[in-house]
Amino acid sequence: MMSKNDMKTSRIYKFLAGSLLCLTISVTAGCNKFLDHAPDDRADLTSLSNIKELLTAAYPDNSYQLLYDLRSDNSDDKGMRAWSQSQWLREVYAFQPQCDNTYQDSPSGYWRALYWATSSANQALVALDELEDLSPSEKVVADELRGEALVCRAYDGYMLAQTFCRPYDPSTADQMLGLPYPKTPENELLKQYTRGTLKELYDNIKKDFDEGYALIGSDYDQPKYHFTKTSAAAFGSRLYRTLGDWDKVIELSRVALGSDPAAKVRDYPRFAKMTWAGSKAAWSLPEEKCNLMVSSCLSNAHYLCGDSRYSMTVSIFNKEVQPNGGFLGSGLTHGMRQYGGDLYLNFAKHPEYKQYTNSLKTNWYAYTGFVIFSGEEVLFNLAEAYAMKGDFAKSNDLMQIFVARWFTGYSPHSYLYKVDTSKIMDFYEKDSRVFKPFYPLTAEQTCYVKAITDLRRFAFVQEGLRWLDIRHYNLPVKHKLLHDNDRRTTIHELEPGDPRYAFQLPSSVLGYELEPNPGYDKSLPID
């Protein structure tokens, strides 16, 4: 869990560095508070220590995980008996053109958090430029902080692209809408922006990442809450997988996993022996070697992942997600613990932290612990990269590490748990699902991509990463929606390549002449 001081510092500096971008891009009552303070009532950014503290605000204070899960094929409508019936959950689940709720887990909340974080990174970069008379040792620290700020800005931009833009395809990226990518603190009221192209957006992201990664260090009191060489490499592994640059994926994944990849993959049988509360509390702890970067975000995902009417069901998990009966075969024991039954199904991954705002402890901010980058994600990226390079033996070895570390019934002497090419090919050659990334796949690569993607869906259940795979491979999503006390059903679908892979921009943005995402005329009404 993030310490109270870290939480306090993050919020204070996020406020102090909150630029007028919040007025031009995400107008909310919270942003207007910025105007209540005189321009000189801000942090003193003339010291490296203060800039270092400011950079805690360059990480988004909200999370994508609930938002992405709602949109994916991991969710279903549980009907009127479900506990949380919020309208904004229904709107996101049914691919509606607008979700006007500014709730912390909503699209507007995530948009605001990402641009606010970008503003903090920009303020830190300006402050670093203005420092003078640094000693050689201070210059080293300043360069490392510059690297962190650049990687933070790249991450914020990347997650904006993954949420509010179409999937990356180099053949069309110069024709698709991008997003503003501010590189300086805002000093104009009501500054106008244009979206630019997706190519321009990713060019900025790559430039910042490459420059920042070369500089970034690891000297932090709590390094798992910051981009370090390890966690930045994990982000780079995700970024370059999106871009289909397999050599870069291999290079960066090796850095993130180190010399012993198995040590950075979760020992799931240990978690399977814990209580529900014990697993929730331990899942996102920085002490877990598999957690390469963690965060404590303002979020109610700790209960909404299971309690929401629109979420994972036992039927989806058993029929589509869990690996028994998959390419390894039938009869294996994966051991994934399920809690709460169909209406409240959860997997004990999200701890709740409360920061009380009064002495009676009757009011509080709800935080949820999240794993931002894990050893498993990097392992799968590396396995996919080797498959795309034609080195299927190395891909098998990496998937084998996952099976050995996660499946409670694993035995190295049992062929049932052995990953090999014949199993993968025999199983997936009969699989009719169409995976269509922007790059070509051979028959063998297609089978491997499906195997890796299925393992990813299992490992990251209720963590949101399934949505990134849906976008990357242009997979369809079909959601049923219940009406009239569950007596009537409508079907809401995303087709392969659907423009609604991009969430619609918040309505407050559209008031500032940013072009809306197209394709939402296809969305059916939800009433």
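Here, every reference points to the structure presented above.
Keep in mind that this is a model prediction, so the values were computed, not measured.

Another point: the sheet that holds strand β4 (residues 352-356). The strand order across the open sheet built from three strands is β2-β5-β4, with neighbouring strands paired in antiparallel fashion. Every other strand in the sheet has two partners, leaving β2 (291-298) and β4 as the edge strands with one partner each. Strand-to-strand, the axes of this sheet are offset by a mean angle of 30°, without reference to chain direction. Of the strand pairs in this sheet, β2 and strand β5 (residues 364-374) are connected by seven bridges, and their pairing is antiparallel. Across the sheet, residue Val294 finds its bridge partner in β5, namely Val371. Contacts between helix α16 (residues 375-388) and the sheet are confined to β2 and β5, with β5 contributing the most and set at about 30° to the helix.

For the rest of this paragraph, the subject is the nonpolar core. Generally speaking, a soluble globular protein has its nonpolar side chains buried in company with each other. Counting 145 residues, the largest nonpolar core has Phe227, Phe235 and Trp406 as its most contacted members. It is helix α8 (residues 136-164) that provides the largest number of residues to this core, a total of 13 residues. When sequence neighbours within four positions are dropped, the list of residues in contact with Phe235 reads Val151, Ala154, Tyr155, Tyr158, Phe209, Phe227 and Phe373.

Next up on the list: the packing of aromatic side chains. As enumerated under the stated definition, the model contains 46 aromatic pairs in all. Ring geometry for Tyr155 versus Phe227: centroids 5.7 Å apart, planes at 65°, classification edge-to-face. With Tyr155 in helix α8 and Phe227 in the loop between α9 (198-215) and α10 (229-243), the pair connects residues that are 72 residues apart, well separated along the chain. With respect to burial, Tyr155 and Phe227 carry one shared label: buried. Geometrically, the ring pair formed by Tyr155 and Phe373 is edge-to-face, given 5.9 Å between the ring centres and 70° between the ring planes. With Tyr155 in helix α8 and Phe373 in strand β5, this pair connects stretches of sequence that are 218 residues apart.

So, about the packing of α10 against helix α11 (residues 246-257). The interhelical angle for the contact between α10 and α11, taken along N-to-C directions, is 155°, at an axis separation of 8 Å. Taken together, the axes of α10 and α11 are roughly antiparallel relative to one another. α10 and α11 meet at a crossing whose hand is left-handed. Where α10 approaches α11, its residues Lys229, Thr230, Ala233, Ala234, Gly236, Ser237, Tyr240 and Arg241 are matched on the opposing element by Trp246, Lys248, Val249, Leu252, Ser253, Val255 and Ala256. Partitioned by chemical class, the residues of the contact of α10 with α11 number eight nonpolar, four polar and three charged.

What follows is about the pairing of β5. Within β5, nine of the 11 residues are buried, which leaves the element mostly enclosed by the surrounding structure. Summarising the sheet, β4 and β5 pair through five bridges and their orientation is antiparallel. By the bridge assignment for β5, Tyr353 is matched with Tyr367.

To continue, consider unusual backbone geometry. Residue Ala348 is not a glycine yet carries a positive backbone phi of 55°. Counting through the fold element by element, Ala348 comes out in the loop between α15 (314-321) and β4. In this structure, Asn474 takes a positive phi of about 55° despite not being glycine.

Let us now look at α15. Turning to α15, its buried residues are Ile316, Phe317 and Val321. Buried residues of α15, viewed axially, fall in a sector of 100°; they line one side. In this structure, the buried side of α15 is in contact with β1 (76-77) and α19 (443-459).

The next subject is the pattern of salt bridges. A complete count under the given rule lists 27 salt bridges for this structure. Linking Glu211 and Lys207 is a salt bridge whose minimum nitrogen-to-oxygen distance equals 2.7 Å. Here Lys207 and Glu211 lie together in helix α9, a separation of four residues that amounts to about one turn. Take Glu211: its relative accessible area is 36%, and that puts it in the partly exposed class.

Cut-off values and rules
- Residues numbered from 1 in each chain as written.
- Predicted model: local features only at pLDDT ≥ 70, side-chain atom pairs only at ≥ 80, totals over all residues.
- Heavy atoms only, no water.
- Pairing = 2+ DSSP bridges.
- Helix = DSSP H or I, 4+ residues; strand = E, 2+ residues; numbered from the N terminus.
- Axes fitted to C-alpha atoms, helices over the stretch in contact; angles between N-to-C directions.
- Contact = heavy atoms within 4.5 Å.
- Core = buried A, V, L, I, M, F, W, Y, C linked by side-chain atoms within 4.5 Å.
- Buried < 20%, exposed > 50% of the residue type's maximum accessible area, 1.4 Å probe, protein only.
- Phe/Tyr/Trp six-rings, centres within 6.5 Å; stacked < 30°, edge-to-face > 60°.
- Parallel < 35°, antiparallel > 145°, perpendicular 65-115°, else oblique.
- Left-handed = near helix turned anticlockwise from the far one by under 90°.
- Nonpolar A, V, L, I, M, F, W, Y, C, P; charged D, E, K, R; others polar.
- Arc of directions from axis to C-beta.
- Salt bridge = Lys/Arg side-chain N within 4 Å of Asp/Glu carboxyl O.

Any link to function would need more than the numbers given here.
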